Amino acid sequence: LEGYPRDTREIALGNLNIKLVRPRHFPEQAPSWKESTYSVGLILDDRILFPGDTQFDQELLESYDTRFGFEYIFHDVQFFTGGVHAGLDEIATLPPAIKRRMILMHYGDAWRDHQRRIKKEGFLGFARQGVFYVFD
């Protein structure tokens, strides 16, 4: 699609509009999303962002949130910095207006040890396995 800050494609699946956007994937040394391994994030009906497997990518989050004003953002998190996913210390630097709509997922088994910090940092919380999220 033209006019987007990075490679963005669009498809329709029944009544669902899906935009595919390129996040910053691995390797960790890739200087930008363009040089990282191909991966896609999803924008569902211009309301929900699922950046997919991504390292910390503040530009993606802020530029697309400015454009769409997402209701929810489902974002992966790891409890250390470096590697293939966004670290908690990194995403904690995001603006409060983004964090309060962010549901963290794809996290390690020690997630309970981080619940207090997640709340203190202003995140919406952790996604739960087996829970269906319905957005009317």
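Our subject is the structure listed above.
Calculation notes
Residues numbered from 1 in each chain as written. Predicted model: local features only at pLDDT ≥ 70, side-chain atom pairs only at ≥ 80, totals over all residues. Heavy atoms only, no water. Helix = DSSP H or I, 4+ residues; strand = E, 2+ residues; numbered from the N terminus. Polar contact = N/O pair within 3.5 Å; in protein donor to acceptor, adjacent residues only side chain to side chain. 1 Å grid on protein atoms, 1.4 Å probe; cavity = no way out; pocket = protein on both sides within 12 Å on 5 of 7 lines; lining within 4 Å. Points joined across faces, edges and corners; volume = space filled by probe spheres on them. Contact = heavy atoms within 4.5 Å. Core = buried A, V, L, I, M, F, W, Y, C linked by side-chain atoms within 4.5 Å. Buried < 20%, exposed > 50% of the residue type's maximum accessible area, 1.4 Å probe, protein only. Phe/Tyr/Trp six-rings, centres within 6.5 Å; stacked < 30°, edge-to-face > 60°. Pairing = 2+ DSSP bridges. Axes fitted to C-alpha atoms, helices over the stretch in contact; angles between N-to-C directions. Arc of directions from axis to C-beta.

Novice: Which parts of the structure should I look at to understand the environment of Tyr-133?
Specialist: Structurally, Tyr-133 can be placed in the segment after strand 7 (125-126). Among the polar contacts made by the side chain of Tyr-133, one reaches the main-chain amide nitrogen of Arg-128 at a distance of 3.2 Å.

Novice: What's the story with empty space enclosed by the protein in this structure? I'm lost.
Specialist: Gaps left between atoms show up when a probe the size of a water molecule is rolled over them. Under the criterion given, the structure shown has 1 cavity of 30 Å³ or more. Around the largest cavity, the lining residues are Asp-7, Thr-8, Arg-9, Leu-20, Val-21, Arg-22, Tyr-38 and Val-40. Sorting the residues of the lining of the largest cavity by element identifies strand 1 (8-13) and strand 2 (16-21) as the ones contributing at least two each.

Novice: For this particular structure, what's the right way to read the side chain of Asp-57?
Specialist: Within the secondary structure layout, Asp-57 lies in the loop between strand 4 (48-50) and helix 1 (58-68). A polar atom in the side chain of Asp-57 sits 3.0 Å from the backbone nitrogen of Arg-24. Ignoring any residue separated from it by four or fewer positions in sequence, one finds Asp-57 in contact with Arg-6, Pro-23 and Arg-24.

Novice: Before we go on, may I ask you to explain the nonpolar core in this structure?
Specialist: Soluble globular proteins: nonpolar side chains tend toward being buried together. One finds Tyr-64, Ile-91, Met-102 and Leu-104 to be the most contacted residues of the largest nonpolar core, which totals 23 residues. Elements supplying a minimum of two residues to this core: helix 1, helix 2 (88-91) and strand 6 (102-105). In terms of residue count, helix 1 provides more of this core than any other element does, 4 residues in total. Other than its neighbours up to four places away in sequence, Met-102 contacts Leu-61, Ile-73, His-75, Ile-91, Leu-94, Phe-123, Leu-124 and Gly-125. Grouped together as the second largest cluster of nonpolar side chains are 5 residues, Ile-48, Phe-74, Ile-103 and Met-105 included.

Novice: Looking at this model, I keep getting lost on the packing of aromatic side chains. Mind explaining?
Specialist: Throughout the structure, instances matching the rule amount to 11 aromatic pairs. An angle of 20 degrees between the planes, with centres 6.3 Å apart, marks the rings of Tyr-4 and Phe-68 as stacked. Of the two residues, Tyr-4 sits in the segment before strand 1 while Phe-68 sits in helix 1, which places them 64 residues apart along the sequence. In this pair, the class of Tyr-4 matches that of Phe-68, namely buried.

Novice: Even after reading the chapter, I still don't get the sheet that holds strand 2, so can you show me in this structure?
Specialist: Each strand in a sheet pairs with its neighbour through backbone hydrogen bonds, running either in the same direction (parallel) or in the opposite one (antiparallel). Spatial ordering of the open sheet is given by 1-2-3-4-5-6-7, a layout of 7 strands whose pairing is mixed. One side of each edge strand has no neighbouring strand; the edge strands of this open sheet are strand 1 and strand 7. Where strand 3 (residues 41-44) and strand 4 come together, 3 bridges link them in antiparallel fashion. Looking at strand 4, one finds that Ile-43 is bridged to Leu-49. Across the sheet, helix 1 lies against strand 1, strand 2, strand 3, strand 4, strand 5 (72-76) and strand 6, angled at about 150 degrees from strand 2, the strand it touches most.

Novice: What exactly am I supposed to notice about helix 1 here?
Specialist: The periodicity of an α-helix, 3.6 residues per turn, causes residues three or four positions apart to be oriented the same way. Along helix 1, the positions that sit buried rather than exposed are Leu-60, Leu-61, Tyr-64, Asp-65 and Phe-68. Here the buried residues of helix 1 occupy an arc of 105 degrees about the axis, which is enough to place them on one side. In the stretch just after helix 1, Gly-69 is the one whose phi turns positive, near 60 degrees.

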